[in-house]
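The primary structure of each chain is shown beneath.
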Amino acid sequence: SAAGSALASDSITAKLQQPVAAKPKIIAGGAVFVCEADACLAAAPSTRTFATATCKDLAKNFGAITSFGGERKQLDADKLGACNAAAASATELAKR
């Protein structure tokens with residue numbers, strides 16, 4: 001459907017609490033996210049990209065995510081909280 005393909009092409013951005021130094025690329029949720037400063041952008045997301053699991057993958061690598069989504073939809077506070085639980089556990093592991 002036209003609506004489905006339009007939605008799939010809506011880029012997805014994850015805003016990071018802590019900026020990244022380099023320009024890392026990561027594959028999450030079937031899309032390539034390119035990160036710069038305090039944002040990771042998936043310019044060509046798949047239908048699986050807008051998901052809490054994708055947010056968790058990014059949080060594990062880059063720390064807490066302050067917002068996740070595109071122009072039409074954003075993860076709500078509960079899902080963002082679940083996403084950032086992954087960041088907290090990754091941070092704890094790094095401190096050991």
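Residues numbered from 1 in each chain as written. Predicted model: local features only at pLDDT ≥ 70, side-chain atom pairs only at ≥ 80, totals over all residues. Heavy atoms only, no water.

J.: So what exactly am I meant to see when it comes to the pairing of strand β1 (residues 12-20) here?
T.: For a regular strand, side chains alternate in direction, first toward one face of the sheet and then toward the other. When β1 meets strand β3 (residues 31-42), the two strands line up antiparallel, connected through five bridges. Within β3, the position partnered with lysine 15 by the bridge is alanine 39. In terms of strand pairing, β1 meets strand β4 (residues 65-69) through four bridges, oriented antiparallel. Residue leucine 16 lies in a different strand from β4, and its bridge partner there is isoleucine 65. (Pairing = 2+ DSSP bridges. Helix = DSSP H or I, 4+ residues; strand = E, 2+ residues; numbered from the N terminus.)

J.: How should the state of the cysteines be read in this particular structure?
T.: As used here, a disulfide is simply a covalent bond connecting the sulfur atoms of two cysteines. If you walk through the whole model with that rule in mind, you get two disulfides. Two residues share a disulfide in this structure: cysteine 35 and cysteine 40, whose sulfurs sit 2.0 Å from each other. Torsion about the S-S bond of the cysteine 35 and cysteine 40 cystine: about 110°, corresponding to right-handed handedness. Summarising the burial analysis for this pair, cysteine 35 and cysteine 40 share the class buried. Paired by a disulfide, cysteine 55 and cysteine 83 hold their sulfur atoms 2.0 Å apart. Negative torsions about the S-S bond denote left-handed disulfides, and the value of about -80° found for cysteine 55 with cysteine 83 makes this one left-handed. Placement of the pair is cysteine 55 in helix α2 (residues 52-62) and cysteine 83 in helix α3 (residues 77-95), with a sequence separation of 28 residues. Given the relative accessible area of 0%, cysteine 55 is considered buried. Assigning the bonded cysteines of the chain consecutive numbers by sequence position, one obtains the connectivity 1-2, 3-4. (Disulfide = S-S within 2.5 Å. Buried < 20%, exposed > 50% of the residue type's maximum accessible area, 1.4 Å probe, protein only.)

J.: In this structure, what is going on with the nonpolar core? I would like to understand it.
T.: As a rule of thumb, soluble globular proteins bury nonpolar side chains together. Counting residues in hydrophobic clusters, the biggest one holds 22 residues, and the most contacted among them are Phe33, Cys40, Cys55, Leu58, Phe62, Ile65 and Phe68. When contributions to this core are tallied by element, the ones reaching two or more residues are β1, β2 (25-28), β3, α2, β4 and α3. The dominant element in this core, judged by the number of residues it contributes, is β3, at five residues. Non-local contacts of cysteine 55, meaning those with residues more than four positions away in its chain, are made with Ile65, Phe68, Leu75, Leu80 and Cys83. (Core = buried A, V, L, I, M, F, W, Y, C linked by side-chain atoms within 4.5 Å. Contact = heavy atoms within 4.5 Å.)

J.: What should I look at first to understand the sheet that holds β2 in this one?
T.: Pairing between the strands of a sheet comes from backbone hydrogen bonds, and it takes one of two forms, parallel or antiparallel. Overall, antiparallel pairing links the four strands, which are arranged β2-β3-β1-β4 in an open sheet. Strands with a single pairing partner mark the edges of an open sheet, and in this sheet they are β2 and β4. For this sheet the average axis-to-axis angle between neighbouring strands, irrespective of direction, equals 35°. α2 rests against β1, β2, β3 and β4 of the sheet, and its axis sits at about 150° to β2. (Axes fitted to C-alpha atoms, helices over the stretch in contact; angles between N-to-C directions.)

Purely spatial values, then, with no claim about function.
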